[in-house]
Amino acid sequence: MVTAEREWRITADPTVCIGSGSCVLAAPHTFDQDDEGTVVVLQPTPDENHRAAALTAVGACPVRAITT
Ligand code: SF4
């Protein structure tokens, strides 16, 4: 079966993250922070209900640590 949509996957680079928390505010279902404030991706492939928020989080990251 051919699908028009490529697989959608969120990645975050912890070596770039400065712990601002913007991604968690924008998409708490998709992102969290560890004890040091570094990003943790909870849902690398967010379902449709959480994709818009996850994309907002990508744009909200001040250091562009998150990619899709
Ligand atoms: S928005 Fe960017 S810098 Fe801030 S916690 Fe998330 S990944 Fe880290």
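Rules behind the numbers
Residues numbered from 1 in each chain as written. Predicted model: local features only at pLDDT ≥ 70, side-chain atom pairs only at ≥ 80, totals over all residues. Heavy atoms only, no water. UniProt positions renumbered as here; feature names shortened; annotations may be inferred. Helix = DSSP H or I, 4+ residues; strand = E, 2+ residues; numbered from the N terminus. Rg over C-alpha atoms; globule rule 2.2 N^0.38 Å. Buried < 20%, exposed > 50% of the residue type's maximum accessible area, 1.4 Å probe, protein only. 1 Å grid on protein atoms, 1.4 Å probe; cavity = no way out; pocket = protein on both sides within 12 Å on 5 of 7 lines; lining within 4 Å. Points joined across faces, edges and corners; volume = space filled by probe spheres on them. Nonpolar A, V, L, I, M, F, W, Y, C, P; charged D, E, K, R; others polar. Contact = heavy atoms within 4.5 Å. Near = heavy atom within 4 Å. Sits in = over half its atoms within 2 Å of the grid points.

Per an unreviewed UniProt entry, the chain goes by Ferredoxin and derives from Cryptosporangium japonicum. Taken directly from UniProt, the Cofactor (unreviewed entry) text for the chain runs: "[3Fe-4S] cluster". We quote the UniProt Function (unreviewed entry) comment for the chain here in full: "Ferredoxins are iron-sulfur proteins that transfer electrons in a wide variety of metabolic reactions."

A.B. asks: What am I meant to see in the overall build of the chain here?
C.D. replies: Counting secondary structure elements, the chain contains two helices and four strands. Rg of the C-alpha trace for the chain: 12 Å, near the compact-globule value of 11 Å for 68 residues, within the 12% margin. Taken over the C-alpha atoms alone, the chain extends approximately 45 × 20 × 20 Å along its principal axes. Burial analysis of the chain (68 residues in total) assigns 26% to the buried set.

A.B. asks: Which parts of the structure should I look at to understand empty space enclosed by the protein?
C.D. replies: To find leftover empty space, one rolls a probe the size of a water molecule over the atoms. Scanning the entire structure with this criterion turns up one cavity of 30 Å³ or more. Considered as a void within the structure, the largest cavity measures approximately 100 Å³ in volume. Cys17, Ser20, Gly21, Cys23 and Cys61 are the residues nearest the centre of the largest cavity, which is lined by 15 residues in total. Grouping the amino acids of the lining of the largest cavity by side-chain chemistry returns nine nonpolar, six polar and no charged.

A.B. asks: Please clarify how the environment of phenylalanine 31 should be interpreted in this entry.
C.D. replies: Within the secondary structure, phenylalanine 31 sits in strand S2 (residues 31–33). Distance in space between the C-alpha atoms of phenylalanine 31 and threonine 45 is 11 Å, their sequence separation being 14 residues. Sequence-distant contacts of phenylalanine 31, that is, excluding residues within four places in its chain, are made with Ile10, Cys23, Val24, Val39, Val40, Val41, Leu42, Ala54, Ala57 and Ile66.

A.B. asks: Looking at this model, I keep getting lost on the site of the ligand. Mind explaining?
C.D. replies: Around the ligand sit 14 residues, and of these Cys17, Ser20, Gly21, Cys23 and Cys61 come closest. Most atoms of the ligand, that is more than half of them, are within 2 Å of grid points of the largest cavity. Split into classes, the residues belonging to the shell around the ligand amount to nine nonpolar, five polar and no charged.

A.B. asks: Just to check I follow, could you spell out the side chain of threonine 30 for this structure?
C.D. replies: In this structure, threonine 30 sits in the loop between helix H1 (22–26) and S2. Relative accessible area serves as the criterion here: at 1%, threonine 30 is assigned to the buried category. Not counting the four nearest positions on each side in its chain, threonine 30 is found in contact with Val40, Val41, Leu42, Gln43, Pro46, His50 and Ala54.

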